[in-house]
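Residue-level listing of the chains:
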Amino acid sequence: IETIIAQAPKRAGMICGDVVSLERTGEATTAVLADGIGTGVKARVAAVMYASRLMELIRLGFTLREACARVIDTMHGARTSDVPFAAFSICRVLNSGHATILSYEIPPPILVDRRLAAYLPKPRSYPLGLEMIAETNCTLDSGDGIILVSDGVSQAGLGHTYRMGWGIPLVSGFVNGCLLQGTDLRDVPARILGRVKEISGATYGDDTTCLLLLSREAK
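Residues numbered from 1 in each chain as written. Predicted model: local features only at pLDDT ≥ 70, side-chain atom pairs only at ≥ 80, totals over all residues. Heavy atoms only, no water.

### A closer look at the overall build of the protein
Within the protein one finds five helices and 11 strands. Radius of gyration (C-alpha) of the protein: 16 Å, near the 17 Å computed for a compact globule of 219 residues. Once the C-alpha set of the protein is aligned to its principal axes, its extents read approximately 45 × 40 × 30 Å. Counting the 219 residues in the protein, one finds 49% classified as buried. Across the protein, every contact between residues at least 6 apart in sequence was considered, and the portion connecting residues at least 24 apart equals 67%. About 10,400 Å² of surface is accessible on the protein, with carbon and sulfur atoms providing 53% of the total. For the protein, the separation between the mean place of its 22 positive charges and that of its 22 negative charges on side chains is 3 Å. (Helix = DSSP H or I, 4+ residues; strand = E, 2+ residues; numbered from the N terminus. Rg over C-alpha atoms; globule rule 2.2 N^0.38 Å. Buried < 20%, exposed > 50% of the residue type's maximum accessible area, 1.4 Å probe, protein only. Contact = heavy atoms within 4.5 Å. Areas by Shrake-Rupley, 256 points an atom, 1.4 Å probe, with all protein chains shown as cover. Lys, Arg positive; Asp, Glu negative; His and termini not counted. Charge placed at Lys NZ, Arg CZ, Asp CG, Glu CD.)

### Details of the sheet that holds strand β6 (residues 110-112)
A sheet is described by the order of its strands in space; here five strands give the open sequence β1-β11-β10-β6-β7, paired in antiparallel fashion. Sheet topology places β1 (2-8) and β7 (117-119) at the edges, where each strand pairs with a single neighbour. Each adjacent strand pair in this sheet contributes to an overall mean axis angle of 20°, direction not counted. Each of β6, β7 and β10 (145-149) touches helix α4 (residues 168-180); the most contacted strand, β7, lies at about 165° to it. Of the strands in this sheet, β1, β10 and β11 (208-214) are in contact with helix α5 (residues 188-199), which crosses β11 at around 160°. (Pairing = 2+ DSSP bridges. Axes fitted to C-alpha atoms, helices over the stretch in contact; angles between N-to-C directions.)

Have a look at this one:
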């Protein structure tokens, strides 16, 4: 699983409050995209803390759901206290191509191949502890990929170009347009960030991250 990351802070020179953490083993690739609430150092600390905790729980043998349940339990307490809070997606892709994505308070994933991008308008949601989590399952063939984004992408242009922000349906449509133009999938994350800046008035309204997990034959 090849990983391509495009990322930008809310303001040039600032610390980005989004964090991507990756781990590869002989069996699978695991990726976490964590979006710390707020911006700057405080958001970065929250994102690093929860991304690191998720990865360490996975290393210790917890399943994705078990690891998420432990982290989300802390998140629930953060709603009523001054504990750092972060939204996140965690994705595990086995070497067979089977992928599981769990998303908490973050935009849903976009599935892509060389010709088409699609998102699931209603991913399966269920309670995990006292919070809700969304789960997406799919199988990737060679050349297929998964795009994960922070809400800096989905809410781009909020109150500027789009009343409710860009939104995942329009992001998916933009990716389809790129593919129709013959854009290489590896270049799509950078194209998405370019469009975010364009519709947000030549700036970024929030910390912005786009992560592509691309399945290909091993070399």
